[in-house]
Amino acid sequence: MIGERLVRRVSATRGFARVAPHVVPALDRAVHRLSRGRTLLSTRMLPGVILTSTGARSGLPRRTPLACMPAGDGWFLVGSNFGRTGHPAWTYNLLGCPAAEISWKGRDVPVTARLLHGAERADAWRLLLAFWPPYAAYQDRVDREIRVFRLDRS
């Protein structure tokens with residue numbers, strides 16, 4: 001429990017927000033490749049997926065390791081960008097083309113993404129804050145509303 005609290009505290013800091021986007025995805029991609037798609041390094045603390053979406057500008061496949069929260073038959077993805085100012089690129093990709101695929105526990109799963117709004121987003125946000133409290137610190141640091149997507153199997 002102490003380790004988990006420490007990780008949550010550290011991950012809510014601005015220093016983590018500066019370093020993590022450059023380090024965590026690269027490590028996750030390497031571990032995912034070495035484990036033949038079975039795991040990500042970051043899943044030691046949070047469940048994670050590799051999202052394959054279509055680039056909004058390029059039209060090319062884009063693979064992004066992301067934390068997720070399983071939700072029934074689907075998943076929630078949070079566009080927190082570690083509490084940095086802009087929305088992460090993968091959120092624009094899902095807005096442009098909601099058909100995507102995730103690698104989940106070694107399996108490729110076709111999904112459809114939906115940006116949540118209003119009461120549905122508020123309900124999901126409460127669940128997400130209970131699941132990973134640092135999301136609150138990320139939201140406090142930015143003026144934008146952090147995007148929350150629901151992924152459902154296609």
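Let me sum up the structure you'll find in this document.

Rules and cut-offs
- Residues numbered from 1 in each chain as written.
- Predicted model: local features only at pLDDT ≥ 70, side-chain atom pairs only at ≥ 80, totals over all residues.
- Heavy atoms only, no water.
- Pairing = 2+ DSSP bridges.
- Helix = DSSP H or I, 4+ residues; strand = E, 2+ residues; numbered from the N terminus.
- Axes fitted to C-alpha atoms, helices over the stretch in contact; angles between N-to-C directions.
- Salt bridge = Lys/Arg side-chain N within 4 Å of Asp/Glu carboxyl O.
- Buried < 20%, exposed > 50% of the residue type's maximum accessible area, 1.4 Å probe, protein only.

What follows is about the sheet that holds strand β1 (residues 48–54). Strand order across the open sheet formed by seven strands is β2-β1-β5-β6-β7-β4-β3, with antiparallel pairing between neighbours. Across the chains shown, the open sheet's two edge strands, defined by having one partner strand only, are β2 (61–67) and β3 (69–71). With direction set aside, neighbouring strand axes in the sheet form an average angle of 35°. Here six bridges tie strand β4 (residues 74–79) to strand β7 (residues 147–153), and the two strands are oriented antiparallel to one another. Residue W75 lies in a different strand from β7, and its bridge partner there is L151.

According to the stated counting rule, one finds four salt bridges in the structure shown. A salt bridge links R126 to D123; its shortest N-O distance comes to 2.4 Å. Linking R126 with D123, this pair stays in helix α4 (residues 118–131), spanning three residues, or about one helical turn. R126 sits in the exposed class, given a relative accessible area of 52%. The class for D123 is partly exposed, based on a relative accessible area of 41%. R150 is the partner of D152 in a salt bridge, and the nearest nitrogen-oxygen pair spans 2.9 Å. Residue classification places R150 among the buried residues on the basis of a relative accessible area of 16%.

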